[in-house]
Structure formats: C-alpha cells, structure tokens
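Listed here are the chains, written in short residue letters.
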Amino acid sequence: MQPIDIDKLMELRKQKTDLAVINVLPSERFRRRHIPNSQKIPLGASDFAEQVEKAAGGRDRPVVVYCASEDCDASPKAAANLESAGFTDVYDFTGGMEAWQEAGRPVQAGWSPED
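Rules behind the numbers
Residues numbered from 1 in each chain as written. Predicted model: local features only at pLDDT ≥ 70, side-chain atom pairs only at ≥ 80, totals over all residues. Heavy atoms only, no water. Core = buried A, V, L, I, M, F, W, Y, C linked by side-chain atoms within 4.5 Å. Buried < 20%, exposed > 50% of the residue type's maximum accessible area, 1.4 Å probe, protein only. Contact = heavy atoms within 4.5 Å. Pairing = 2+ DSSP bridges. Helix = DSSP H or I, 4+ residues; strand = E, 2+ residues; numbered from the N terminus. Axes fitted to C-alpha atoms, helices over the stretch in contact; angles between N-to-C directions. Parallel < 35°, antiparallel > 145°, perpendicular 65-115°, else oblique. Nonpolar A, V, L, I, M, F, W, Y, C, P; charged D, E, K, R; others polar. Phe/Tyr/Trp six-rings, centres within 6.5 Å; stacked < 30°, edge-to-face > 60°. Lys NZ or Arg CZ within 6 Å of the ring centre and 35° of its normal. Patch = residues over 30% accessible without salt bridge, like charges linked within 9 Å, V, L, I, M, F, W, Y side chains within 5 Å. Areas by Shrake-Rupley, 256 points an atom, 1.4 Å probe, with all protein chains shown as cover. Salt bridge = Lys/Arg side-chain N within 4 Å of Asp/Glu carboxyl O. Lys, Arg positive; Asp, Glu negative; His and termini not counted. Charge placed at Lys NZ, Arg CZ, Asp CG, Glu CD.

Enquirer: If you had to explain the nonpolar core to someone new, which residues and values would you point to?
Expert: Taken as a class, soluble globular proteins show a tendency for nonpolar side chains to be buried jointly. The biggest cluster of nonpolar side chains holds 20 residues, and the ones touching the most others in it are V24, V63, V65 and L82. Leaving out residues up to four positions away in the same chain, V65 has contacts with I22, V24, S75, A78, A79, L82, Y91, D92 and F93.

Enquirer: Can you tell me about the sheet that holds strand 1 (residues 2–4), naming the residues and giving the values?
Expert: Taken together, the five strands give an open sheet; going across it, the order is 1-5-4-2-3, and neighbouring strands pair in parallel fashion. In this open sheet, the two strands that pair with only one neighbour each are strand 1 and strand 3 (39–40). Where strand 2 (residues 20–23) meets strand 4 (residues 63–66), four bridges bridge the pair, whose relative direction is parallel. Directly across from I22, in strand 4, lies its bridge partner V65. Sheet strands touched by helix 3 (residues 48–56): strand 2, strand 3 and strand 4. Its angle to strand 2, the strand with the most contacts, is close to 145 degrees.

Enquirer: Now, about the packing of helix 3 against helix 4 (residues 74–84): what can you tell me, with residues and values included?
Expert: For the pair helix 3 and helix 4, the least separation of the axes is 10 Å and the interaxial angle reads 80 degrees. One way to sum up the angle between helix 3 and helix 4 is to call them roughly perpendicular. Taking contact as the criterion, the partners of F48, A49 and V52 in helix 3 are, on helix 4, A78, N81 and L82. In terms of residue class, the contact of helix 3 with helix 4 is made up of five nonpolar, one polar and no charged.

Enquirer: Provide a residue-level description of the environment of P42, including the pertinent values.
Expert: Among the secondary structure elements, P42 is positioned in the loop between strand 3 and helix 3. Remark: the alpha-carbon pair of P42 and C67, spanning 25 residues in sequence, is separated by 9.6 Å. Excluding residues that lie within four positions of it along the chain, P42 makes contacts with N23, V24, L25, P26, S27 and F48.

Enquirer: So what's going on with the packing of aromatic side chains? Residues and values would help.
Expert: Counted by the stated rule, this structure contains zero aromatic pairs. The positively charged end of R105 is found above the aromatic ring belonging to W100, 5.6 Å away from the centroid.

Enquirer: Requested: an account of a negative patch on the surface, with residues and values cited.
Expert: A surface patch of like charges, here negative, comprises E70, D71, E98 and E102. Take D71: it is sitting in the loop between strand 4 and helix 4.

Enquirer: Run through the pattern of salt bridges, naming residues and quoting values.
Expert: Enumeration according to the criterion identifies five salt bridges in this entry. Put simply, E11 and K8 hold a salt bridge, and the shortest N to O gap is 3.6 Å. With a gap of three residues between them, E11 and K8 both fall in helix 1 (residues 6–15), about one helical turn apart. A relative accessible area of 36% places E11 in the partly exposed class. Between E53 and R59 there is a salt bridge, with the nearest N and O atoms lying 3.0 Å from each other.

If you want it as structure tokens, here you go:
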C-alpha cells in the first residue's frame, strides 16, 4: 500500500486511465459527497475485495481507496484488506474527502446507480 496526498492522486488520475477510485465509507456518506467518478464500495461489505476486483478489472489494476479525512481509519484498513487479498497496486488517499474539498476540487452528491 502506498499512502498518497492530493497532488499524487491528481497525477495518478492523469497517468492511469484505468485507475479505480473507491470510496470505502457507508452509502449514506457517499450520497452526501464523493469524488467525481469514484465508486462506492463500503469497507464493511462482506464481499469487499470481490467488489473492488470487479470495479478495477482485476487484482493487478491500480486502486485508490479513500474515506472522510486523515483521522478516518477506514481507507488504511481497506488498503490493507486489499493487499491481503492479493491486490498489487493499492494506494491510500490519506486526506480523503476533507483534503479533496480543501484543495478546491469538485464534489458530487447523490445516489449511485446501485442504490
């Protein structure tokens, strides 16, 4: 797992067109606000790794996980979970939604297609 900040996340989004960005918080938090084009896969899902694999297109594909803020421990746990499940290119966006918004980046709100 590689911890990354907002600058590295922006760089990855430009470099890796196959990058999966995953919000690991519960659905209601995702509905309030999330990074555009990110997907909702709550860490608490019983098939978390399988859902991420499907979203990313494989366990060897680049995946960024994020949660609410630097104080939130969901994304480091999610990253560790994915590495234990055999994912090879995992990033933890440590600042989460708080850092994203503080950087003035756009935010989406609303339901995801699966809801």
